[in-house]
Amino acid sequence: MTQTRLFGLWLVLGSVLMILAIIVYWDNVGTAYFSLHTSFSRPHPLEPLPTPGQGAERELASDVGEVLEQLLGAGPKREAAVSGKPTEAPPPPASGRPALGNLEESVRGYDWSTHEAQQSPDPDGRQAERRSALRDLCANASFVFPSKERSFDDIPNYELNHLIVDDRHGVIYCYVPKVACTNWKRVMIVLSESLLDRGAPYRDPLDIPREYVHNSSTHLTFNKFWRRYGRFSRHLMKVKLKKYTKFLFVRDPFVRLISAFRSKFELENEEFYRKFAIPMLRMYSNHTSLPASVRDAFSAGLKVSFSNFIQYLLDPHTEKLAPFNEHWRQVHRLCHPCQIDYDFVGKLETLDQDAAQLLRLLKVDKLLHFPPSYRNRTASSWEEDWFAQIPLAWRRQLYKLYEADFVLFGYPKPENLLRD
């Protein structure tokens, strides 16, 4: 009897572990249906005839699609009712506006003053041009970059973690680090009411403390759909992509790299020091003995140089170990613009104008205002100063690495940095 009970116990434990393994596997690979895909997979011209089982599954998927369409047809607010409960924030600091030292304020570029956005003579026309250029380039067979030709179904779930969903207003935002994403995340929290302050949703984006903004549990993102909706998660994503307003904000790729370097390696950041700075200093500066903490390293004058950072990006071994960190990963790898048809493409260079236009488009301009947070800076002067000590061959390699972002989002090739 005892042996039988032990056998039953082991059987139950084994089943639980198997289920957990399947969930983890699916969460990583997406809806690949256990078949192999490459990043350049294309639809096949001919498909095999479906077996009776496959036909039933397609009918089931069709029925599910109709149910999902009906569910969303009543409007985004109805979907919000089943999207989950908001998170109660811990007691916040005295103010959501951080008290920054001179160095951090200089690096991050905060500007908490209010100012009116200058209006473009034809903002709608400018948006139409950006979206049209993006669509044409994605359809242009002669313009090729890795992962361009894959379908939305080929994108694994873990690569969809930058798509934040607001079911209350029918909005999907793909956030790009170093492109005002902190404040756009704040806006999404206010719109979705996903974070509570003493039982009530936040109403002013600037009241939301920075540490809560970047907490992944605060936001509903596409990569979480599998745990919530199971096998129908990818279909539900497609329904939302079809019905919701989708937007992203981009920035000159080289200036974004400079901004990422400054905020992660010129400021004391323990996580980035341990994970990135120590390997860079060992590999590219020949330091064998390094302090355990970033504070001790800075005190000893041990900092990653911009040249070290560029070497790291160009090193072919870097991405063999792990994909680029999100702060310097290419925008097309974060937001998949050739698989997702964005309704609005904003730029940091025209942030105030684009933010005001987008909030009007979403019909929430009376509800909130986008917080002014970045001083105007001249991208060309940044590039020339920062790249002055970078060898020409490295600059050209770096451009090839980020060329797709330059071309897709209409940023001119920095000829002044790439010619002799």
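Predicted model, so just to flag it, every value in this text is computed and none were measured. (Residues numbered from 1 in each chain as written. Predicted model: local features only at pLDDT ≥ 70, side-chain atom pairs only at ≥ 80, totals over all residues. Heavy atoms only, no water.)

**Student:** How should I be thinking about the overall build of the protein in this particular structure?
**Tutor:** Check the secondary structure of the protein and you find 19 helices and seven strands. Contacts spanning at least 24 positions in sequence make up 75% of the contacts within the protein whose residues lie at least 6 apart. In the structure as shown, the protein presents an accessible area of about 22,600 Å², 55% of it carried by carbon and sulfur atoms. (Helix = DSSP H or I, 4+ residues; strand = E, 2+ residues; numbered from the N terminus. Contact = heavy atoms within 4.5 Å. Areas by Shrake-Rupley, 256 points an atom, 1.4 Å probe, with all protein chains shown as cover.)

**Student:** Can you help me understand the pattern of salt bridges in this one?
**Tutor:** Oppositely charged side chains can pair when the atoms bearing their charge come close. Applying the stated criterion across every chain yields a total of 16 salt bridges. Across the pair R333 and E319 runs a salt bridge whose closest N-O atoms are separated by 2.8 Å. Note that R333 is positioned in helix α15 (residues 331-335) and E319 in helix α14 (residues 318-321), a separation of 14 residues in sequence. Taking the relative accessible area as the measure of exposure, E319 reaches 33% and is therefore partly exposed. Taken together, the shared-partner salt bridges connect R126, R130 and D354 into one network. (Salt bridge = Lys/Arg side-chain N within 4 Å of Asp/Glu carboxyl O. Buried < 20%, exposed > 50% of the residue type's maximum accessible area, 1.4 Å probe, protein only.)

**Student:** Any chance you could explain the environment of P177 here in plain terms?
**Tutor:** By the secondary structure assignment, P177 is in the loop between β3 (171-174) and α6 (181-192). A residue is classified by how much of its surface remains accessible, and P177, at 2% relative accessible area, is buried. Along the primary structure P177 and R329 are separated by 152 residues, whereas in three dimensions their C-alpha atoms are 9.0 Å apart. Excluding residues within four positions of it along the chain, P177 makes contact with H162, R256, E326, H327 and L334.

**Student:** Looking at this structure, I do not really get the sheet that holds strand β6 (residues 245-250). What am I missing?
**Tutor:** What links the strands of a sheet is backbone hydrogen bonding, and the strands pair in either a parallel or an antiparallel sense. Pairing is mixed in the open sheet, where four strands are placed in the order β2-β3-β6-β7. Looking at the sheet topology across the chains shown, the edges are occupied by β2 (163-166) and β7 (344-347). Neighbouring strand axes in the sheet, compared pairwise and without regard to direction, differ in orientation by 20° on average. Pairing between β6 and β7: four bridges, direction parallel. (Pairing = 2+ DSSP bridges. Axes fitted to C-alpha atoms, helices over the stretch in contact; angles between N-to-C directions.)

**Student:** Looking at this structure, how should I read the nonpolar core?
**Tutor:** Nonpolar side chains tend to gather and get buried jointly when the protein is soluble and globular. Within the largest apolar cluster, 101 residues are counted, with the highest numbers of intra-cluster contacts made by W184, F222, F265, F309, L313 and W328. Here this core gets eight residues from one element, more than from any other, and that element is helix α11 (residues 270-284). Excluding its chain neighbours within four sequence positions, the residues that come into contact with F222 are F152, L160, L163, V165, I172, M237, K240 and L241. (Core = buried A, V, L, I, M, F, W, Y, C linked by side-chain atoms within 4.5 Å.)

**Student:** Before we go on, may I ask you to explain the environment of F298 in this structure?
**Tutor:** Its place among the elements puts F298 in helix α12 (residues 294-299). Judged by relative accessible area, which is 16%, F298 ranks as buried. It is 7.6 Å that separates the C-alpha atoms of F298 and E268, two residues lying 30 residues apart in sequence. Once you skip the residues sitting within four places of it in the chain, F298 turns out to touch F265, E266, L267, E268 and K303.

**Student:** Just checking my understanding: could you explain the confidence of the model for the protein for this structure?
**Tutor:** In regions of low pLDDT, the predicted coordinates are not meant to be interpreted in detail. Taken over all residues, the pLDDT of the protein has a mean of 82, while the share at 70 or more is 70%. Across residues 98-102, where pLDDT falls below 50, the model places four contacts with residues more than four positions away in sequence or in other chains. Here residues 109-117 scores under 50 on pLDDT; set against residues more than four positions off or in separate chains, the count is 25 contacts. (pLDDT = per-residue confidence, 0-100.)

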